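Overview (structure and organization)
Residue-level listing of the chains:
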Amino acid sequence: MSSANKKRLYKPGPNIKDKIQSLKAAIDDRPPFCSGTVPLAANDLLLFYGKSTIEEGAGGASACRLDLTRVTDTEMQRLVDVCEVATFGKNHEEVLDPSYRSAWKLDPTHFATKLDIIHAGVMDSIRYNLLSGDQGKQTFYAELYKLNVYGKGSFFKPHKDTPRSEKMFGSLVVVLPIAHEGGTLIFRHKGTEWKIESDVVAPSSIVYVAFYGDVEHEVTEVKSGHRLTLTYNLYFGESHKSQAIVSTPTARTAALLLALPPNAESFQKKLSELLADDTFLPMGGRLGFGLFHEYPFESDPKLDRLAEVLKGNDAAIMQACRTLNLSCALNVCYEGGDHESRSVVLCSFVPELEGDLLMDLPLWEHLEMERKMTLANIKEEGEGKEEINLGPLKRYSPSLSVYVHWVTEQTLHNAFKSHSIAFGNEPSLSVDYGRICLIVSVGPPGNRAAQPIEI
């Protein structure tokens, strides 16, 4: 038998399919938002607003004061008269379409509030209840974005918020205590739906909801009254803007965050049990995870930077694996092959393809042959078998470099385009899509932190 056709047998151990399934089941998919009601002193519920017109001049308009605990219809109408019709983001543009969103807005340069979301405990709630694991130990900040008014008949159809930068991870909505009926905030994510009612809040309390930016949500029609909200954008990192509300972890919060969040704890416990089982991946192996959440990035994402802003289950999986001293890293996957033998090339960095001449090779094959990237299976084709042949599945097909046990499927919502020059009968621009996934390396029993045994 020639070396090209020589069998390379990978042995994942008995009952591997059931073990991988048990690991998948241990990922507790908690809601992608946190919410609560906070009672406040009357002095914290004051709103000041004003907007000068060209005719009035810079000093022509006087500020109005609104006591949110006892607002009349006349006062609300005066506020609405100062507002503009609300737009929404679509394809990085601001769109005005009253059939999709019917509401009013006021920019933060035209209003001020005495509400302190740090003192009210909202920022701590975001840190403990929304952010996962290592995320909660980071500095993040809230930037006041808009005041929105939803009157009778107002609504906002299902949408996702437009990310303002790569560091933006979500939004915070504070519903102020103005009497209204309807205006339910509905979240939908991965087939599950949640409803946040705000029309039953006490006159001196606020309802807050913080959520990840990739979560679809809508505001149902307001039946009566006015739904008045403050919206903040949430970012990781420091901000030098004077109006940014920064939350920095203290020694106290750092101690509280030493414990894993519930969704990371259940996953880590199951993974730890499997690692203690000598029949699980006796040669070592690799676990693959498609990302649960979407992330804003440019066409050339920096994987190391993205790894530090993972959210939800993605952050929980990364932290649990790091806690167990396993090697884990984000990879870009380029899919290829024919309908009989699909595979992926794994790249630990985003390859620079500009200027690459692919001749008549598809991108994945160019990366595997010319760039010596890692070729892996795209799904669990051999799952359940105690021996998996990494050699060619048929004549002239390439051998797999490694076998990956995909705990969660690769997802399309973090795909990005790669451009290169392809040469066939004539040169053309080749466009391929890379998908980002998390690859975890597991060593053999006795040294799980090592790399798998090479075959």
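Treat the numbers as computed from the prediction; the structure is a model and nothing was measured.

1. Quick notes on the pairing of strand 12 (residues 155-159)
Bridge count between strand 8 (residues 101-102) and strand 12: two bridges; the pairing is antiparallel. Counterpart to Ser102 in the pairing with strand 12 is Phe155.

2. Digging into the nonpolar core
Core analysis: the biggest nonpolar cluster contains 105 residues, and Leu79, Ile126, Leu172 and Leu287 have the highest contact counts within it. Here this core takes seven residues from strand 17 (residues 205-212), the largest share from any one element. Mapping this core onto the domain boundaries places at least three of its residues in each of domain 1 (9-29 + 261-442) and domain 2 (33-52 + 59-257). Sequence-distant contacts of Ile126, that is, excluding residues within four places in its chain, are made with Cys34, Leu131, Phe140, Leu172, Ala210 and Leu234. One finds Leu346, Ile378, Val404 and Cys437 within the second-largest nonpolar core, a separate group that totals 10 residues.

3. Here's the deal with the pattern of salt bridges
Per the counting criterion, the structure on display carries 13 salt bridges. One network of salt bridges, with partners in common, ties together Arg188, Glu193, Glu216 and Glu218.

4. Some details on the sheet that holds strand 10 (residues 111-113)
The antiparallel open sheet is built from three strands, whose spatial order is 4-3-10. For this open sheet the edge positions go to strand 4 (64-67) and strand 10, each flanked by a neighbour on one side alone. Adjacent strand axes in the sheet meet at a mean angle of 20 degrees when their direction is disregarded. The sheet contacts of helix 2 (residues 73-82) involve strand 3 (46-49) and strand 4, and relative to strand 3 the element is tilted by about 40 degrees.

5. Focus on the environment of Phe236
Along the polypeptide, Phe236 turns up in strand 20 (residues 227-236). Among residues more than four places away in sequence, those in contact with Phe236 are Leu131, Gln135, Gln138, Thr139, Phe140, Tyr141, Lys167, Phe169 and Val309.

6. A look at unusual backbone geometry
With glycine set apart, most residues show a phi of negative sign, and most peptide bonds adopt trans. Of note, the phi angle at Asn15 is positive, near 55 degrees, even though the residue is not glycine. Along the chain, Asn15 turns up in the loop between strand 1 (9-10) and helix 1 (16-25). At Leu281, a position not held by glycine, the phi torsion is positive, near 50 degrees. With respect to the element layout, Leu281 can be found in the loop between helix 5 (262-275) and strand 22 (285-290).

7. A short note on the confidence of the model for the chain
A low pLDDT score tells you not to read the predicted coordinates there in detail. The share of residues in the chain with pLDDT of 70 or more is 78%, and the mean pLDDT across the chain is 81. Note that pLDDT drops below 50 for residues 54-60; the model gives that stretch four contacts with residues more than four away or on any other chain. pLDDT under 50 marks residues 251-259. Its contacts with residues more than four places away, or in other chains, come to eight contacts.

8. Points about the sheet that holds strand 16 (residues 192-196)
With antiparallel pairing, five strands are arranged side by side in an open sheet as 8-12-18-15-16. Unpaired on one side and paired on the other, strand 8 and strand 16 mark the two borders of the sheet.

9. Side note on helix 7 (residues 312-323)
Note on helix geometry: an α-helix contains 3.6 residues per turn, so any two residues three or four positions apart are oriented the same way. If you check helix 7, its first and last C-alpha atoms are 17 Å apart, about what 12 residues at 1.5 Å a residue would give, namely 16 Å. Most of helix 7 sits inside the fold, with 10 of its 12 residues counted as buried. Inspection of helix 7 places Gly312, Asn313, Asp314, Ala315, Ala316, Ile317, Met318, Gln319, Ala320 and Cys321 among the buried residues, and these make up the whole buried set. Downstream of helix 7 by a residue or two, Asn325 has a phi angle that is positive, lying close to 65 degrees.

10. Structural notes on the side chain of Ser239
With respect to the secondary-structure elements, Ser239 resides in the loop between strand 20 and strand 21 (245-247). Once you skip the residues sitting within four places of it in the chain, Ser239 turns out to touch Tyr141, Ala244 and Val246.

11. Side note on the side chain of Glu218
Residue position: Glu218 is located in strand 18 (residues 216-219). At 2.6 Å, the side chain of Glu218 and the side chain of Arg188 are in polar contact. Residues within four places of Glu218 in sequence aside, it is in contact with Phe156, Lys157, Pro158, His159, Thr184, Leu185, Ile186 and Arg188.

What counts, and where the lines are drawn
- Residues numbered from 1 in each chain as written.
- Predicted model: local features only at pLDDT ≥ 70, side-chain atom pairs only at ≥ 80, totals over all residues.
- Heavy atoms only, no water.
- Pairing = 2+ DSSP bridges.
- Helix = DSSP H or I, 4+ residues; strand = E, 2+ residues; numbered from the N terminus.
- Core = buried A, V, L, I, M, F, W, Y, C linked by side-chain atoms within 4.5 Å.
- Buried < 20%, exposed > 50% of the residue type's maximum accessible area, 1.4 Å probe, protein only.
- Domains from an automatic or database assignment.
- Contact = heavy atoms within 4.5 Å.
- Salt bridge = Lys/Arg side-chain N within 4 Å of Asp/Glu carboxyl O.
- Axes fitted to C-alpha atoms, helices over the stretch in contact; angles between N-to-C directions.
- pLDDT = per-residue confidence, 0-100.
- Expected span 1.5 Å × (residues − 1).
- Polar contact = N/O pair within 3.5 Å; in protein donor to acceptor, adjacent residues only side chain to side chain.

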